[in-house]
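Spelled out from the first residue to the last, the chains are:
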Amino acid sequence: MGKEFNGRVAVLGLGYVGLPTAVALATRGVDVIGVDVNPKTIEAVSQGRVPFVEPDLAVGVSGAVALGRLTATTETPEAEAYIIAVPTPFNPDRSADLSYVKAAAEQIAPKIKPGAIVILESTSPPGTTEKVSRWIGALRPDLKMPHNHDGMTEVHVAHCPERVLPGRIMIEIVTNDRVIGGMTSRCSERAAELYRVFAQGEILLADAATAEMSKLIENAYRDVNIAFANELSMICEELHLDVWEVIRLANRHPRVNILSPGPGVGGHCIPVDPWFIIGAAPGVTKLLRAAREVNDHKPHHVANAVIASSERFREPVISCLGLSFKADVDDFRESPAIEVVELIASARPEVTVLISDPFINGTIPGRLGELPNVRLEPAADAVDRADIVVLLVEHEKFRSLRHTRFGGKVVYDTRGVWN
């Protein structure tokens, strides 16, 4: 065991990673200040409420705020440690958009003091942690930063990528192993002091670029395997075979574990992270690029199949169940289900498209709210009114729908729930 962390922590970005991290620290006795650009998020957290759905997070937030261990503000404070947990989307050319990370580093720079720890949690291309050090150093030439000092540095910069699953974040943030990559070995050790406050899994030390790459390949590995399942589903469809039965039988082999296909790949990581690797080594990433193409095409394949079936009806009602990127969460980022519905509704503007998702809280996500033929309905009503039912997300609420409701309807089950 290393030295224990002692001091105040500022977490920049109170989203799906930053807020749970802040809670994990605060509920173990660390004073944490959460920083976010969204005033509504600050208001919610300050009142002990959570701005999104995640099991067990609400209890942690309310408890940490009530104890005075967690506060929230739009202003970056002075602290002994800073955790950057802001978005890293990609640009139109699929290169990494590091503007949020750079803005966070520039907000930290005026406040930082010698001895401080700066940790990048945001998933980033190799070399981003070094850029954080350079961005801070450019504004604080008085500090010895690790990118330009081989000896003892005054600020310890490291990367500790998140590896949690929405729906299980508060469990996995504690139990999962953590990779910590410092700009120097001392940077790694100082960052590890902070994570030992709450992490029960093994803490694995590396250099910064290795840690950055390890997170990217975790998600690229999953992307490639999902692409195989999605391509297999299209092959079986063309051959008039039940892909779920094919996979079930193939997986009885002791060394085969084919994943489940779906309407595409969503979320803030898997559709994005492989492009960071492709961008870093474009000449030798043919498999990763092919996997991305398969998974990006799958929503179009599903939409085209539904559109073709709808042409058999004079004025069909198409009901699409589920819009979030995975089951039983309210996270709609990069959701293939939303893309499927947009494609269907745009291709047949005269057709009524009903959507249902138990995690929509009033506002229809994405561009769907702008399409005049898209309407939000409760699941049972949407199914009863439909000529075509499309299951896009296997929310628990949809699993319990009685099969008698589907009589006489065309059903597309992209998740294999009702087979």
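Reference entry: report on the structure contained in this document. (Residues numbered from 1 in each chain as written. Predicted model: local features only at pLDDT ≥ 70, side-chain atom pairs only at ≥ 80, totals over all residues. Heavy atoms only, no water.)

Comments concerning helix α1 (residues 18–26)
Quick reminder of the rule: Only protein chains enter the calculation, and the probe is 1.4 Å; a residue is then buried if its accessible area is under 20% of its type maximum, exposed if over 50%, and partly exposed in between. Helix and strand labels come from DSSP, where a helix needs a run of H or I of at least four residues and a strand needs a run of E of at least two; each type is numbered from the N terminus.
In terms of burial, α1 is a largely internal element, 9 of the 9 residues being buried. For α1, the complete set of buried residues consists of Gly-18, Leu-19, Pro-20, Thr-21, Ala-22, Val-23, Ala-24, Leu-25 and Ala-26.

Here we look at the nonpolar core
Put simply, the test is: Think of a nonpolar core as a cluster: buried Ala, Val, Leu, Ile, Met, Phe, Trp, Tyr and Cys residues, connected wherever their side-chain atoms sit within 4.5 Å. Any two residues having at least one pair of non-hydrogen atoms within 4.5 Å are treated as being in contact.
If you look at the biggest cluster of nonpolar residues, it comprises 41 residues, and the most contacted ones within it are Val-9, Leu-19, Leu-70, Leu-194 and Tyr-195. Ranked by the residues each element gives to this core, the list is headed by α1, at 6 residues. Ignoring anything within four residues of it in the chain, the contact list for Leu-194 reads Phe-5, Val-9, Leu-25, Ala-81, Ile-83 and Ile-119. If you look at the next biggest cluster of nonpolar residues, it comprises 27 residues, including Ile-338, Val-341, Ala-345 and Val-390.

Structural notes on the environment of Ile-217
On the secondary structure map, Ile-217 appears in helix α8 (residues 208–238). Sequence separation between Ile-217 and Glu-311 is 94 residues, and the spatial gap between their C-alpha atoms is 42 Å.

So, unusual backbone geometry
The phi dihedral of His-240 falls on the positive side, at around 60 degrees, and the residue is not glycine. Note on placement: His-240 falls in the loop between α8 and α9 (243–250). A positive phi is found at Glu-334, a non-glycine position, where the angle reads about 55 degrees. As for its position among the elements, Glu-334 is in the loop between β9 (317–321) and α12 (336–347).

A look at helix α3 (residues 57–66)
Our working definition: By arc we mean the arc of the directions from the helix axis to the C-beta atoms, nothing more.
Leu-57, Gly-60, Val-61, Ala-64 and Val-65 are the residues of α3 that are buried. Down the axis of α3, the sector holding all buried residues measures 120 degrees, keeping them to one side. Relative to its buried face, α3 has exposed residues pointing more than 90 degrees away, namely Val-59 and Ala-66. On its buried side, α3 packs onto α1, α2 (39–46), β3 (70–73) and α6 (169–175).

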